[in-house]
Amino acid sequence: SQKIEQNSEALNIQEGKTATLTCNYTNYSPAYLQWYRQDPGRGPVFLLLIRENEKEKRKERLKVTFDTTLKQSLFHITASQPADSATYLCALPPDSSYKLIFGSGTRLLVRP
Amino acid sequence: GAGVSQSPSNKVTEKGKDVELRCDPISGHTALYWYRQSLGQGLEFLIYFQGNSAPDKSGLPSDRFSAERTGGSVSTLTIQRTQQEDSAVYLCASSLLPASGSTTDTQYFGPGTRLTVL
């Protein structure tokens, strides 16, 4: 069956450390993968997109990798700050259509 | 407008009643999406509009759910005879172009409508 999985346990780290979140998928061959941030009571906000032919994408303190062999994307936040505390969702198109399938998200808590 | 807006922000209703949820997309955005998010869960795709037509309604959970879009802008999601399992946050997103496997696009989300069915 098709699945997109993110660690359901919250990631609790110290300010200044690097946070690494994982997104694994099964039985999909996405052309790209997206990461979103969601704060409580708010809709998701787009952060980064990485295509299947890209190994790594960076934006300021954010870095995303995409391994189509492992069927995995890693999302890194370097020099993390308490303001980075939120739920991070990965999403991918399940086929050549317009839809996005979302993971259930991983909550990140950055302690001051 | 500046962003996607949704109304109401909160809706409490009794089981068996009908509800209407409204979404105002970003002006000029062609595509509009409805998702549902249950507590602690990811987003569940419901329906997608391109212009006023809905090419794919396969995500709608049952025939109690329907949606329409008028004038290529505002969309309404209607849930008839609400059930307790319909309780969730209903999120709307819009994008300039429909996302596809080969065309990347960004979806902009509204704040959602929290629906509680008693």
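Residues numbered from 1 in each chain as written. Chains lettered and ligands numbered in written order. Predicted model: local features only at pLDDT ≥ 70, side-chain atom pairs only at ≥ 80, totals over all residues. Heavy atoms only, no water.

1. Points about the interface of chain A and chain B
Phase 1: Residue-level contacts link 22 residues of chain A with 25 residues of chain B.
Phase 2: Of the roughly 1700 Å² buried at the junction of chain A and chain B (both faces included), carbon and sulfur atoms supply 56%.
Phase 3: Scanning the region where chain A abuts chain B turns up zero salt bridges.
Phase 4: Applying the counting rule to chain A against chain B returns one residue pair in polar contact (both at pLDDT 80 or more).
Phase 5: Contributing elements (two or more residues each) for the side of chain A that touches chain B: strand E4 (32-38) and strand E5 (45-51) of chain A.
Phase 6: Broken down by element, the residue count for the side of chain A that touches chain B peaks at four residues, all from E4 of chain A.
Phase 7: Counted by class, the side of chain A that touches chain B contains ten nonpolar, eight polar and four charged residues. (Contact = heavy atoms within 4.5 Å. Buried area = accessible area lost by both parts, 1.4 Å probe. Salt bridge = Lys/Arg side-chain N within 4 Å of Asp/Glu carboxyl O. Polar contact = N/O pair within 3.5 Å; in protein donor to acceptor, adjacent residues only side chain to side chain. Helix = DSSP H or I, 4+ residues; strand = E, 2+ residues; numbered from the N terminus. Nonpolar A, V, L, I, M, F, W, Y, C, P; charged D, E, K, R; others polar.)

2. Regarding the sheet that holds strand E7 (residues 62-67) of chain A
Residues and elements named next belong to chain A.
Phase 1: Ordered in space as E1-E3-E8-E7-E6, the five strands form an open sheet in which the pairing is antiparallel. Of all strands in the sheet, those bounded by a partner on one side alone are strand E1 (3-6) and strand E6 (56-59). Going from strand to strand, the sheet's axes swing by 15° on average, the running direction of each strand aside.
Phase 2: Two strands pair when backbone bridges link them, and strand E3 (residues 19-26) and strand E8 (residues 72-77) are joined in this way by six bridges, in the antiparallel orientation. Across the sheet, the residue bridging to Asn24 is Gln72, located in E8. (Pairing = 2+ DSSP bridges. Axes fitted to C-alpha atoms, helices over the stretch in contact; angles between N-to-C directions.)

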